[in-house]
Structures are given as C-alpha cells and as structure tokens.
Amino acid sequence: MPDPGDDEEALRARLSKLSGDLKERAASHAPPPSGSAPPGADGMGSAMAMGLRAGSEFVAAIILGAGIGWVLDRALGTNPAFLIVFFMLGVAAGVWNVIRATSPKGGSFGRNSPLSPADPPDKDGRRSPPGAGRDVLHSKPRASDGAAHAPGGADDDED
C-alpha cells in the first residue's frame, strides 16, 4: 500500500509547478505598461461611431429625398406634391437605414430573435407546444398521456 505522505508531496509539487506556469502566462499576457488604454477599449468608441453613422444616414436620406422632390417640383411645376412624397420616402429610407445599421450582423440561425443571445439561460430545454397533452379539437386528455377513459365511449361527444 502506497504511503499517503508520498501522494501529498507529489500533489504539492505538481501544484507549485502549475502555479509557476500560470504566473508566467499571466506575465506574458500583461497589458502594456502605458497609462492610456487603446481607443474603444471601453466600448464607448464603437457605440459612438454606430450612433453617428445611424444619425448621419438618417439625415442624409431625408435630405436626399427632399432634394429629389424639390427638383421634380421645380421641373414639373407641381409645388409641393413631389416634395412631400419624396420627403416621406426619405424618412422611410432613413428609418430603414438606421435599423439596418444598428441590427446585429449574421449568425441568427437557431435564435428566436436577432436580438436574443445564441445561448439564452432561460431556454435550456424544449417547451411543449400549446395544447400538448390535450386533444386540440375536443379539449380531452390524450390516451398517450395515461389519462383514464370512461368505458364504453361514455365521454364521446360526437354523434
């Protein structure tokens, strides 16, 4: 039978070796000693860029739509019909551009919504569909659920 003291010594030696390896890896992956963090490290730069892009696309679509409407009105002499129509089209295009610019990109297969994460904690298992375990047409328990049926068809409602 092996001595328990030998196992403890071997475990302690292994633990100290692993601890040293971890310290070496942490030292090699340490951030640079400079006092400033890289731009966008806090995520604020990316959010600011997305907000400015969405805002500028929205404004640009409205200005472009109104400009096209104004030019058509001047050329055809139909004040302000085309200006109103193309202004509204510009607003719709601007909203569409904002939605497109701020939506998450790719990998939405297997998710209920593009905004939900890939592995939400509240969806561990499959949920039974509504009406599972009950006869949808007659609202009676199914035979496969182990429900007892009245003998002789006494629970039949069909004529």
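Structure report, in brief. (Residues numbered from 1 in each chain as written. Predicted model: local features only at pLDDT ≥ 70, side-chain atom pairs only at ≥ 80, totals over all residues. Heavy atoms only, no water.)

1. Considering the side chain of aspartate 73
One can find aspartate 73 in helix α2 (residues 44-76). Buried within the structure, aspartate 73 lacks any salt-bridge partner; arginine 74 is the closest side chain of opposite charge, at an N-O distance of 9.1 Å. Those residues in contact with aspartate 73, other than ones at most four positions away along the chain, are Thr78, Asn79, Pro80, Ala81, Phe82 and Leu83. (Helix = DSSP H or I, 4+ residues; strand = E, 2+ residues; numbered from the N terminus. Buried < 20%, exposed > 50% of the residue type's maximum accessible area, 1.4 Å probe, protein only. Lys, Arg positive; Asp, Glu negative; His and termini not counted. Salt bridge = Lys/Arg side-chain N within 4 Å of Asp/Glu carboxyl O. Contact = heavy atoms within 4.5 Å.)

2. Looking at the side chain of asparagine 97
For asparagine 97, the position within the fold is in helix α3 (residues 81-102). Judged by its relative accessible area of 17%, asparagine 97 is buried. Polar side-chain contacts of asparagine 97 include one of 2.8 Å to the side chain of arginine 100. Apart from residues no more than four positions distant in its own chain, asparagine 97 is found in contact with Glu57 and Ala61. (Polar contact = N/O pair within 3.5 Å; in protein donor to acceptor, adjacent residues only side chain to side chain.)

3. Focus: the pattern of salt bridges
Summed over the entire model, instances satisfying the criterion amount to three salt bridges. For glutamate 8, the salt bridge goes to arginine 12, with nearest N and O atoms at 3.9 Å. Here the residue glutamate 8 and the residue arginine 12 both occupy positions in helix α1 (residues 4-28), the gap between them amounting to four residues, near one helical turn. The salt bridge involving arginine 53 is made with glutamate 57; its shortest N-O contact spans 3.0 Å. Separated by four residues within a single helix, arginine 53 and glutamate 57 lie in helix α2, roughly one turn from each other.

4. Focus on the packing of α2 against α3
Two elements in contact, α2 and α3, have axes whose closest approach is 7 Å; the angle formed by their N-to-C orientations is 160 degrees. Between α2 and α3, the angle falls in the class roughly antiparallel. Considering the relative orientation of α2 and α3, their crossing is right-handed. In terms of residue class, the contact of α2 with α3 is built from 20 nonpolar, six polar and four charged. (Axes fitted to C-alpha atoms, helices over the stretch in contact; angles between N-to-C directions. Parallel < 35°, antiparallel > 145°, perpendicular 65-115°, else oblique. Left-handed = near helix turned anticlockwise from the far one by under 90°. Nonpolar A, V, L, I, M, F, W, Y, C, P; charged D, E, K, R; others polar.)

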